Amino acid sequence: MLTAASLSRAPGIATRRATVRPATVVAYLAAILIVGITVVPLLFVLIGGFRTTAQVNAAPVGWPSPWVADNYTAILGAPAFWEFLWNSMVIAVIATGLAVALGSMAGFALSRYRFRGREALYGVFTIGLLFPLGVASLPLYLLLRQVGLLENPLGVALPEAAFSLPVTILILRPFMLAIPQEVEDAAVLDGASRLGFFWRILLPLSMPALSTVTVLAFVTSWNAYLLPLLVFNDQSHFTLPLGVATFQSQYSQDTARILAFTTLSMVPALAVFVLAERRIVGGLSGSVKG
Amino acid sequence: MRSIRLCAVVIAALLVAACGSSGTAGSGALTWWHNGTSDPLKSLWQSVADGYHAAHPDVTISIDPIQNEQFQTKVPLALQSDSPPGLYQQWGGGGEASQIKSGKVLDLTSSVSSWIGTLGKAAEGWQVDGKQYGVPFDLHVVGFWYRKDLFGKAQITTPPATMADFYTDIDKLRAAGVTPVAIGSKDRWPDAFYWDYFAVRECSTDVVKQSIKAQKLEDPCWRKAGDDLTALLARKPFQDGFLGTPAQQGAGSSAGMVANGQAAMELQGDWEPGTMAALTEDKDFASKLGWFPFPTIEGGAGDPGVTLGGGDGFSCTTVAPPSCPDFLKYIDGAEVQTKLAAAGIGLPVNPDAAGALKDPTLRQVFDFSRKATYIQTYLDIALPTNVGQALDDAIANFVAGKGTAASVAATVGQAATGDK
Amino acid sequence: MRRRLELTLLLGPALLLFTGFVLVPIAVAAYYSLYDWQGFGALTDFVGLGNYWDVLGGAVFQGAVGHNLVIVVLSLVVQLPVSVAIALLLNRKLRGRAALRLIVFAPYVLSEATTAVIWLLILQPGGFVDQALTVLGLHGAIHQWLADPQVVLLTLFAVITWKYLGFGIILLLAGLQGIPRELLEAAALDGASSWQAVRRVVLPLLGPTIRIWIFLSVIGSLQVFDIVWIMTLGGPANASTTMATYLIDHGFKRYEFGYGSAVAVVLFIICFAFALVYQRFALRRDTEGAMG
């Protein structure tokens, strides 16, 4: 069959790779512009950590003069930082794991099964998206107190997972719906059960969407502030966002140290993104209709 | 569907299961909430706790530092539960009055009667209906911090004593190319300082007290305060874009501007030098700072000796161990007060500690506070929280050009009767 | 029978978690909205729908609704095309593509509080933005970004866009993965230009993902809070209030928990109305069809 691939390998025929198309040039220019606008504030956070607060206050955007490693070293050397990191990690892993696991199961049920009340149930899950989290925090706090989950990582992880379910299901369901019935029928013919189809075929095929919701759930949990604030009074239970308070007093804040702290806090979440991103883009994709 | 019914049963069961009490007060175990999340205050309070424990080994104090802004979220929730902290920080006035409604705040009147008198007028802000429900540990007073070098540049030899002098000085500063006054309007509460001060200059102390108690600002003097503020705004004393300037964050804040010599004055509390220290590389800035009280107004019915201020304090809860009031006495004792004053944490409420104030300007502020005929708590604290916040918002809108002097005064009455 | 068991197993845990930690608190919050309650003591002051009348009749709230609608419209008109364009760009074989994706997504990872703090510093009068504009010769374009009531909402929209664009782009990228390479190459062989390929092949196939994007974006725009709160507190003079900042400002900050809950329920109803209409008209065709 004549395909583009075979064409490009045929001798004597100019391939796309030999000419620089104007569209590519435009693409690179646009990329540079986007990077410029996006990256300046980010650089400010990263490099701001290498200045002193006095420097930052004198000139908010500028190069460190001199470069000061003290903020980063002091934070990395403080046991409290690693404690915050650990707490954040535990909660985020539990919340993300629960949200993605339960969400994909529910998404599967809501997409590949037909039953009465399916759309209504889907609507019920969507409700969680429509209500501002902050307001639900007050009754949520009272509930957690009654169930004895205060000062407990589960007291944060469980509600976070619950509140991530709507977005997870919202994103997963259309992806799961898009997988053609033929694939499922073929699996059934091969003797797989419905659940087997789910586990062995559907999930791998949904990898881009799964990776996306994993990243979203993780980042949401990682940056969550209000719920941990209400649940934890003891500083040893604090997560990273709460840890910023250690650099703020009633009348002032150590800006440079906060910038360093924020940069370091971002690293694990960005790492999760890098890991997941390969799955989003480089995963088993495009082969659905093979 | 069956699964939904099952869920409902489980949830109901969970809710009904009244979980056991989380922690008893215990004899001698005191949980302490304060806002010292960072040093020097964090270490200072820890050493205070250690010092008390050394003297009273049967009392263990465990500290939970809470970020300042989060107190208004966490305290109401804690007071609803069966196990609030034994000792927590609060700011007196109407906020305290609301907290008392929870029934969990300890009445300290009898336990502190022996020594509360030494604190002078400061303690009045923590009384509700004549009963002492909290005790201050430091005092704050609001006045004008100014740059002596910039005043010199504009050839102003003495700080203004009356409003008329103040207006003259504004003109002189403008003529010398200096921004006269910096203000952090974005945060709203700095605007309230001006309105509150005009109010106590135009209204007699009795009228102020009665109006706050009745939660209605009906006396015409309250409208005069708004008119005074209009007159001030008309002279354009503030920096460009002041509506978006924060009060304390970054060198572009109003505090930062004065710290870096970009503005000549700011109406702020005694914490100002501490805030400024972090906002400038100029190690010498403190020596360039001076302080003068809010100018008087000719013909104003207010007592010119009245000062606007507030403070920080602590309250004990009903679940605290019996040693809690004694710990308060320790905090207000000369030893701890001296430590606080030396560390620059506000003005001490115990006059014996005054000598520890290192900065001569702060000593000047402290002496002024002791001589004041009456310290009026900032109105947004003196009034109940919802009314006070509504007033602050009205003032901020007024400064931004929305509303009238009459509507600002009317806000209090409306908010108090449940208008939202 | 087996099917029922499977459904219970698949849906049960999610439903249980969701009901307990989301639905029940929401219902309780709605219950609070029927009372005047300052957070201390028991619920005694029943006002029925009184809070709701106060909310809907207030000029500040009505202004907030208007601001939210402006943000919704701007997000659809500005953010959507830009997101799609960037997603298409990042889907091509560019060098350093992975690093680009990381950079584009990084603002989403940054906490909202720090985002607001940085932008506050950058937008200071005479600060970085003003200096950059002057260098580019656009001195006349300088405004009081956060102090000018005419401009403040647009400034906030710019910051919000900076922060959330990455999230939308990742979502669209995931959607683009479902479009088979062969289709694009076949279109190219047929002589279609890149732009035509995009319009005729890619966009329609990206439809479901775009529709999800729109849904999340509108809901997010209606509920925007953190960045606005930290940067302007809804000011100056209520020029940048949103329904969520109004909720916190006039509700919780004033210890009016009943009133705040009523505002939350109104916000919920508005979001719910949108979701219903959107589900009926836009998402319906995504759920029918594909499945047998």
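Computed from a predicted structure; not experimentally measured. (Residues numbered from 1 in each chain as written. Chains lettered and ligands numbered in written order. Predicted model: local features only at pLDDT ≥ 70, side-chain atom pairs only at ≥ 80, totals over all residues. Heavy atoms only, no water.)

### Side note on the domain arrangement of chain B
Many structure descriptions define interface size as the accessible area lost when the parts assemble. All names here are of chain B. Stated precisely, the cut-off is as follows: Note that the domain bounds were set by an automatic or database domain assignment. Should any heavy atoms of two residues lie within 4.5 Å, those residues are counted as being in contact. Computed with a 1.4 Å rolling probe, the buried area is the accessible surface lost when two parts are put together, summed over both parts. Each salt bridge in this description consists of a side-chain nitrogen of Lys or Arg and a carboxyl oxygen of Asp or Glu lying within 4 Å of one another.
Looking at chain B, the domain boundaries give domain 1 (28-140 + 310-367) and domain 2 (142-308 + 378-416). Here the C-alpha centre of domain 2 lies 28 Å away from the C-alpha centre of domain 1. Facing 15 residues of domain 1, the contacting portion of domain 2 comprises 14 residues. For the pair domain 1 and domain 2, the summed buried area comes to about 1,100 Å², and 56% of that belongs to carbon and sulfur atoms. It is His140, Thr361 and Val365 that lose the most area in domain 1 upon contact with domain 2, and together they represent 38% of the buried surface on that side. Between domain 1 and domain 2 we count zero salt bridges in total.

### Brief notes about the interface of chain A and chain C
Quick reminder of the rule: N or O atoms closer than or at 3.5 Å make up a polar contact, with two conditions inside protein: a donor-capable atom paired with an acceptor-capable one, and, for residues adjacent in sequence, both atoms drawn from side chains. Counting from the N terminus, the helices are the DSSP runs of H or I reaching at least four residues and the strands are the DSSP runs of E reaching at least two.
Across the boundary between the two partners, chain A contributes 94 residues, which contact 81 residues of chain C. Of all residues in chain A, the largest losses of buried area upon contact with chain C belong to Leu130(A), Phe131(A) and Phe273(A), amounting jointly to 8% of the total for that side. Applying the counting criterion to the chain A and chain C interface returns one salt bridge. The tally of links from chain A across to chain C stands at eight residue pairs in polar contact (both at pLDDT 80 or more). The element that contributes the greatest number of residues to the side of chain A that touches chain C is helix H2 (residues 22-48) of chain A, accounting for 16 residues.

### Structural notes on the interface of chain B and chain A
We apply this condition: In the scheme used here, Gly and all other residues not listed as nonpolar or charged are polar, with Ala, Val, Leu, Ile, Met, Phe, Trp, Tyr, Cys and Pro taken as nonpolar and Asp, Glu, Lys and Arg as charged.
At the junction of the two partners, chain B supplies 33 residues and chain A supplies 29 residues. Summed over both sides, the interface of chain B with chain A buries roughly 2,800 Å², with 53% coming from carbon and sulfur. Area buried by chain B at its contact with chain A is led by Lys74(B), Leu77(B) and Glu281(B), which between them contribute 18% of it. The tally of links from chain B across to chain A stands at zero salt bridges. In this structure, the connection of chain B to chain A is made through 10 residue pairs in polar contact (both at pLDDT 80 or more). Mapped by element, the contributors of at least two residues to the side of chain B that touches chain A are helix H1 (2-16), strand E2 (60-65) and helix H3 (71-80) of chain B. Take the side of chain B that touches chain A: its biggest share by element is four residues, from H3(B). Residue classes in the side of chain B that touches chain A are distributed as 13 nonpolar, 15 polar and five charged.

### Notes on the environment of Thr114(C)
Residue and element names in this part refer to chain C. Using the following cut-off: Each residue is placed in one exposure class: buried if its accessible area under a 1.4 Å probe, protein chains only, is under 20% of its type's maximum, exposed if it is over 50%, and partly exposed if it falls in between.
Among the secondary structure elements, Thr114 is positioned in helix H5 (residues 112-122). On the basis of relative accessibility, which here comes to 7%, the residue Thr114 falls in the buried class. As for Thr114 and Gly50, which are separated by 64 residues in sequence, their C-alpha atoms are 38 Å apart.

### Examining the packing of aromatic side chains
Condition: Each Phe, Tyr or Trp ring, with Trp reduced to its six-membered ring, pairs with another whose centre is within 6.5 Å; inter-plane angles below 30 degrees give stacked pairs, above 60 give edge-to-face pairs, and intermediate values give tilted ones. Charges are assigned to positions over rings by a cutoff of 6 Å between ring centre and Lys NZ or Arg CZ, combined with an angular limit of 35 degrees from the ring normal.
In the structure shown here, the tally under the stated rule is 55 aromatic pairs over all chains. Geometrically, the ring pair formed by Trp291(B) and Phe368(B) is edge-to-face, given 5.3 Å between the ring centres and 65° between the ring planes. Of this pair, Trp291(B) sits in strand E9 (residues 289-292) while Phe368(B) sits in helix H15 (residues 360-371); the two residues are 77 residues apart in sequence, bridging distant segments of the chain. Seen in terms of ring centroids, Phe225(C) and Trp229(C) are 5.6 Å apart; in terms of plane orientation they differ by 25°. Their pairing is stacked. Overall, Trp229(C) belongs to the buried group, its relative accessible area being 16%. Feature note: the residues Phe144(B), Tyr146(B), Phe151(B), Phe166(B), Tyr194(B), Tyr197(B), Phe198(B), Phe238(B), Phe242(B), Phe292(B) and Phe294(B) constitute an aromatic cluster, connected by ring pairs. Its end group placed over the ring of Tyr374(B), Lys209(B) keeps NZ or CZ at 4.5 Å from the ring centre. Here Lys163(C) stacks its cationic end above the ring of Tyr164(C), 5.0 Å away from the centre of that ring.

### A look at the pattern of salt bridges
Counted by the stated rule, this structure contains 15 salt bridges over all chains. Here Arg173(A) and Glu119(A) are joined by a salt bridge, their closest N and O atoms 3.4 Å apart. One end of the pair, Arg173(A), is in helix H8 (residues 153-177); the other, Glu119(A), is in helix H6 (residues 118-130), with 54 residues separating them in the sequence. The buried category is assigned to Arg173(A), whose relative accessible area is 1%. Two residues, Asp149(B) and Arg147(B), come together in a salt bridge whose shortest N-O distance is 3.0 Å. Through salt bridges that share partners, Arg188(B), Asp393(B), Asp249(C) and Arg254(C) make up one connected network.

### Structural notes on the domain arrangement of chain A
Residue and element names in this part refer to chain A. The domains assigned to chain A are domain 1 (21-68) and domain 2 (78-289). Across the boundary between the two partners, domain 1 contributes 11 residues, which contact 10 residues of domain 2. Summed over both sides, the interface between domain 1 and domain 2 buries roughly 650 Å², with carbon and sulfur atoms accounting for 73% of that surface. Of all residues in domain 1, the largest losses of buried area upon contact with domain 2 belong to Val45, Gly49 and Thr53, amounting jointly to 58% of the total for that side. Run the count over domain 1 and domain 2 and you get zero salt bridges. At the level of elements, H2 and helix H3 (53-58) are the ones that each hand at least two residues to the side of domain 1 that touches domain 2. Counting residues per element, the side of domain 1 that touches domain 2 draws most heavily on H2, which supplies five residues. Partitioned by chemical class, the residues of the side of domain 1 that touches domain 2 number five nonpolar, five polar and one charged.

### Focus on the environment of Arg2(C)
Here Arg2(C) is to be found in helix H1 (residues 2-32). For Arg2(C), a relative accessible area of 55% gives the class exposed.

### Some details on the environment of Leu56(C)
Residue and element names in this part refer to chain C. Position of Leu56 relative to the elements: it lies in helix H2 (residues 50-57). With relative accessibility at 43%, the residue Leu56 sits in the partly exposed group. With residues up to four places along the chain from it excluded, the contact list for Leu56 reads Phe61, Gln62 and Val266.

### Concerning the packing of helix H3 (residues 59-91) of chain C against helix H11 (residues 243-251) of chain C
Residue and element names in this part refer to chain C. Rules: Axis angles are defined between N-to-C directions and span 0 to 180 degrees, where every axis is a line fitted to C-alpha atoms and, for a helix, only to the segment in contact. Here the angle decides the label: under 35 degrees means roughly parallel, over 145 means roughly antiparallel, 65 to 115 means roughly perpendicular, and every other value means oblique.
Contact geometry for H3 and H11: axes closest at 8 Å, N-to-C directions at 150°. Considering the angle they form, H3 stands roughly antiparallel to H11. Contacts between H3 and H11 pair Val60, Phe61, Ala64, Val65 and Asn68 from the former with Met243, Tyr246 and His250 from the latter. A class-by-class count of the residues in the contact of H3 with H11 yields six nonpolar, two polar and no charged.

### With respect to the state of the cysteines
All names here are of chain B. Basically, it comes down to this: The disulfide criterion is simple: two cysteine sulfur atoms within 2.5 Å.
Summed over the entire model, instances satisfying the criterion amount to two disulfides over all chains. Each sulfur in the disulfide pair Cys203 and Cys221 lies 2.0 Å from the other. Because the torsion about its S-S bond is 105°, the bridge between Cys203 and Cys221 counts as right-handed. Taken together, the positions of Cys203 in the loop between helix H8 (189-202) and helix H9 (205-214) and Cys221 in helix H10 (residues 220-234) put the pair 18 residues apart, joining distant regions of the chain. Residue Cys221 is classed as buried on the basis of its relative accessible area of 6%.

### Re a nonpolar patch on the surface
Operational definition: Exposure above 30% relative accessible area and the absence of a salt bridge qualify a residue for a patch, where like charges join within 9 Å and nonpolar side chains (Val, Leu, Ile, Met, Phe, Trp, Tyr) within 5 Å. Computed by Shrake-Rupley with a 1.4 Å probe, the accessible areas treat only the displayed protein chains as cover when residues are assessed.
A surface patch of nonpolar side chains, about 300 Å² in accessible area, is lined by Val73(C), Val77(C), Val78(C) and Val82(C). The topology assignment puts Val73(C) in helix H3.

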